[in-house]
Amino acid sequence: GIPDLTVVVPEAGGQTCGQVLQLAAGHINGDALCNTIQAEQSTCCPSAPADPCTFCDGGIPDLTVEVRDAGGQTCGEVQQLAAGHPNGDAICDSIQAIESTCCPSAPA
């Protein structure tokens with residue numbers, strides 16, 4: 001899936017990943033516009049880091065719990081966000097600081 005549908009694709013005239021996804025659905029694999037869209041997929045679907053950020057390794061009891069101070073994101077969304085960042089970077093550290101909300105048995 002696309003981790004963030006609101007990312008603006010540089011070569012798409014200001015359209016977001018979500019808008020490009022909708023546009024792509026109307027084209028046949030191999031046609032010229034489809035090929036152009038696929039060439040930009042690294043913007044919307046970046047490859048995972050070699051050592052992804054760990055978040056609630058023991059599991060999350062309820063993926064739908066909304067995380068306070070996370071802009072309305074749920075534990076499931078935060079877990080997906082964590083996977084896109086390498087262990088040890090500043091964003092990963094911030095994400096790991098809220099583990100106790102999503103997996104209460106995690107060390108604080």
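Each value, and the rule that gives it
- Residues numbered from 1 in each chain as written.
- Predicted model: local features only at pLDDT ≥ 70, side-chain atom pairs only at ≥ 80, totals over all residues.
- Heavy atoms only, no water.
- Helix = DSSP H or I, 4+ residues; strand = E, 2+ residues; numbered from the N terminus.
- Rg over C-alpha atoms; globule rule 2.2 N^0.38 Å.
- Buried < 20%, exposed > 50% of the residue type's maximum accessible area, 1.4 Å probe, protein only.
- Areas by Shrake-Rupley, 256 points an atom, 1.4 Å probe, with all protein chains shown as cover.
- Disulfide = S-S within 2.5 Å.

Caption draft 1: The arrangement of the overall build of the chain in detail. A count of helices and strands for the chain gives 6 helices and 0 strands. The secondary structure elements of the chain, listed N-terminal to C-terminal, are α-α-α-α-α-α. For 108 residues, the compact-globule estimate of 2.2 N^0.38 gives 13 Å, and the chain exceeds it by more than 25% at 17 Å. Each principal axis of the C-alpha distribution contributes one length, and for the chain these read about 50 × 25 × 20 Å. Within the span of the chain, comprising 108 residues, buried residues form 25% of the whole. Accessible surface for the chain amounts to roughly 6,900 Å². Of this, 54% is attributable to carbon and sulfur atoms.

Caption draft 2: Layout of the state of the cysteines. All chains considered together, the criterion is met by 4 disulfides. Paired by a disulfide, Cys53 and Cys92 hold their sulfur atoms 2.1 Å apart. On the S-S bond that ties Cys53 to Cys92, the torsion sits near 85 degrees, and the link is right-handed. Within this pair, whereas Cys53 is found in the loop between α3 (41-44) and α4 (75-83), its partner Cys92 is found in helix α5 (residues 90-96), the two being separated by 39 residues in sequence. Among the residues examined, Cys53 registers a relative accessible area of 6% and is labelled buried. Under the relative-accessibility criterion, Cys92 is labelled buried at 0%. Cysteine pairing for the chain, with bonded cysteines counted in sequence order: 1-2, 3-6, 4-8, 5-7.

Caption draft 3: Geometry of unusual backbone geometry. The backbone of Cys56 sits at a positive phi, close to 55 degrees, despite the residue not being glycine. Topologically, Cys56 is positioned in the loop between α3 and α4. Given a relative accessible area of 4%, Cys56 falls into the buried group.

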